[in-house]
Amino acid sequence: MTYLSGFFQLAFTKTSYLRHFLRPSPHQQTAKYGPHGSHILEVFPCEHKLGKDAPVLAFVHGGAWGSGHPYMYRLLGVRLAMEGFHCVLIGYRTYPCADICGQIDDVQEALKYMYANLAKGTLSVLGKNSPIYLSGHSSGAHVATHTMLKRSTALPFIQGVIGLAGPYHLRSQYLCEQAKGVHEMSPLKAANRGESKFDEHSPSLILEKLDGKTIRKLPRFMLLHGQSDATVPPAQSERMAEAAAKSGVRCRMEILEGVTHAGIVTDLFDLERKFGYLETIKRFCGACVATVAGQEEKQPMIQLQQGKEQTYRQAESKKKTSRDGAIRK
């Protein structure tokens, strides 16, 4: 509901956005990757001259593992397409139709279908050589990172993972919900197979147990979290970043000043405002530099060079800041 309220707030002030929500783009495509009604991909092709080989940003929606649908994020798809991405919103089974294991299966199958069908059929709008990045918000960030850590051998084509306000340590998130008195209403416990399975399904703990061979094959990670997040504490991303540093996984983490839990996504529903952390995502993925109005700037496509990738380090985090907010220890 938070996401829909964010949309309707914009819709009543900027009625032109309604057409994007109801029919986002004449070029938007919908593909089926499996038999269930939730097994759909909503595709928003890049609207810039970069061409078909623009990076693909596959997005896993949140909803506490028990709700959500791609249509709720169509304005996000429109915005990312304006910014130089092919955006693919992944539909997947939510609890009780599927628990975390089924959700991981769905996301894996969606990504494999996407990769196998680049520039084909309903995915013909995507480039054959488009690099694919995986992203997710809230529980979707948990599902996305969990999928990558558990199924990396089946997904060697994923170039990077972006987690937005994700709960990466389930036990501490459950205690947070318990303190608020919402733990019995939340699907967290049931969707993740009970308290006894929390550690097994916590990405920050999974990461610590991976062997060196698996870690070397993992893509880069970037974790973004709002400082004003009252739903999933920023400490979740901090803990995940610390686990990545200890394991030798390439990971960048930023805490965004003044950004809320839902706002890290719903702010991007506004197609006219500029956000610094969106530029951070574009640099991470190598998307073309473009203005919100749809005009490309003179700079070429930005690429992060291997030697310039930033790995999170506790010792350095005290002094590092970004344009969007401080990187907290």
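Whatever comes next refers back to the structure up there.
Residues numbered from 1 in each chain as written. Predicted model: local features only at pLDDT ≥ 70, side-chain atom pairs only at ≥ 80, totals over all residues. Heavy atoms only, no water.

> Looking at this model, I keep getting lost on the overall build of the protein. Mind explaining?
Counting its regular elements, the protein contains 13 helices and eight strands. Counting all 329 residues of the protein, 57% fall into the buried class. The contacts of the protein with a sequence gap of at least 6 include a subset with a gap of at least 24, amounting to 75%. Element-wise, carbon and sulfur atoms account for 51% of the exposed surface of the protein, whose accessible area totals about 14000 Å². (Helix = DSSP H or I, 4+ residues; strand = E, 2+ residues; numbered from the N terminus. Buried < 20%, exposed > 50% of the residue type's maximum accessible area, 1.4 Å probe, protein only. Contact = heavy atoms within 4.5 Å. Areas by Shrake-Rupley, 256 points an atom, 1.4 Å probe, with all protein chains shown as cover.)

> Explain the sheet that holds strand S4 (residues 86–90) to me, please; I cannot follow it from the model alone.
Paired through their backbone hydrogen bonds, the strands of a sheet run either parallel or antiparallel. Overall, mixed pairing links the eight strands, which are arranged S1-S2-S4-S3-S5-S6-S7-S8 in an open sheet. Lying at the two open borders of the sheet, with one neighbouring strand each, are strand S1 (29–32) and strand S8 (251–256). Here the average twist between neighbouring strands, direction ignored, is 20°. Strand direction decides the pairing type here: strand S2 (residues 40–44) and S4, joined by four bridges, are antiparallel. What sits directly across from phenylalanine 44, in S4, is cysteine 87. Of the strands in this sheet, strand S3 (56–60), strand S5 (132–137), strand S6 (158–164), strand S7 (220–226) and S8 are in contact with helix H12 (residues 276–285), which crosses S7 at around 175°. (Pairing = 2+ DSSP bridges. Axes fitted to C-alpha atoms, helices over the stretch in contact; angles between N-to-C directions.)

> So what exactly am I meant to see when it comes to the packing of aromatic side chains here?
Each aromatic ring pair is summarised here by two numbers: the centre-to-centre distance and the angle between the ring planes. Taken as a whole and assessed by the stated rule, the structure comprises five aromatic pairs. A centroid spacing of 5.5 Å and a plane angle of 50° characterise the contact between phenylalanine 59 and tyrosine 73, whose relative ring orientation is tilted. Of the two residues, phenylalanine 59 is situated in strand S3 and tyrosine 73 in the loop between S3 and helix H3 (74–82); the sequence distance between them amounts to 14 residues. Across the pair, tyrosine 73 and phenylalanine 59 agree in class, each one buried. A ring pair is formed by tyrosine 115 and phenylalanine 157, whose centres lie 4.2 Å apart and whose planes are at 0°; its orientation type is stacked. Placement of tyrosine 115 in helix H4 (residues 100–116) and of phenylalanine 157 in the loop between helix H5 (139–150) and S6 is noted, with a sequence separation of 42 residues between them. (Phe/Tyr/Trp six-rings, centres within 6.5 Å; stacked < 30°, edge-to-face > 60°.)

> I tried to follow the pattern of salt bridges on my own but got confused; where do I start?
Side-chain pairing between opposite charges can occur once the charged atoms of the two side chains come close. Under the defined criterion, the tally for this structure stands at 12 salt bridges. Arginine 93 is paired through a salt bridge with aspartate 106; the nearest N and O atoms lie 2.9 Å apart. Of the two residues, arginine 93 is situated in the loop between S4 and H4 and aspartate 106 in helix H4; the sequence distance between them amounts to 13 residues. For arginine 93, a relative accessible area of 21% corresponds to the partly exposed category. The buried category is assigned to aspartate 106, whose relative accessible area is 4%. Across the salt bridge formed by glutamate 184 and lysine 189, the nearest N and O atoms sit 3.8 Å from each other. Members of the salt-bridge network, linked through shared partners, are Arg79, Glu83, Glu279 and Lys282. (Salt bridge = Lys/Arg side-chain N within 4 Å of Asp/Glu carboxyl O.)

> How should I be thinking about helix H10 (residues 235–247) in this particular structure?
Turn by turn, an α-helix covers 3.6 residues, leaving residues three or four places apart pointing in a common direction. With 13 residues, H10 should cover 18 Å at 1.5 Å per step; its first-to-last C-alpha distance of 18 Å lies within 8% of that length. Turning to H10, the residues buried within the fold contact H5, helix H6 (170–180), helix H8 (203–209), helix H9 (212–217), S7 and S8. Just downstream of H10 lies glycine 248, where phi reads positive at about 85°. (Expected span 1.5 Å × (residues − 1).)

> How should unusual backbone geometry be read in this particular structure?
With the exception of glycine, the majority of residues adopt a negative phi angle, and the majority of peptide bonds are in the trans configuration. Here tyrosine 95 and proline 96 are connected by a cis peptide whose omega angle stands at 10°. Relative to the assigned elements, proline 96 resides in the loop between S4 and H4. Backbone geometry places alanine 119, a non-glycine residue, at a positive phi of 65°. Within the element layout of this structure, alanine 119 appears in the loop between H4 and S5. In this structure, arginine 193 takes a positive phi of about 70° despite not being glycine. Of note, arginine 193 is situated in the loop between helix H7 (188–191) and H8. Relative accessible area serves as the criterion here: at 45%, arginine 193 is assigned to the partly exposed category.

> What should I look at first to understand the packing of H4 against H5 in this one?
For any two helices packed against each other, the geometry comes down to the angle between their axes and how far apart the axes lie. Two elements in contact, H4 and H5, have axes whose closest approach is 9 Å; the angle formed by their N-to-C orientations is 75°. Relative to H5, the element H4 is oriented roughly perpendicular. The residues of H5 that touch H4, namely those facing Ile100, Gln103, Ile104, Val107 and Gln108, are His142, Val143, His146 and Thr147. Its residues assigned to classes, the contact of H4 with H5 shows four nonpolar, five polar and no charged. (Parallel < 35°, antiparallel > 145°, perpendicular 65-115°, else oblique. Nonpolar A, V, L, I, M, F, W, Y, C, P; charged D, E, K, R; others polar.)

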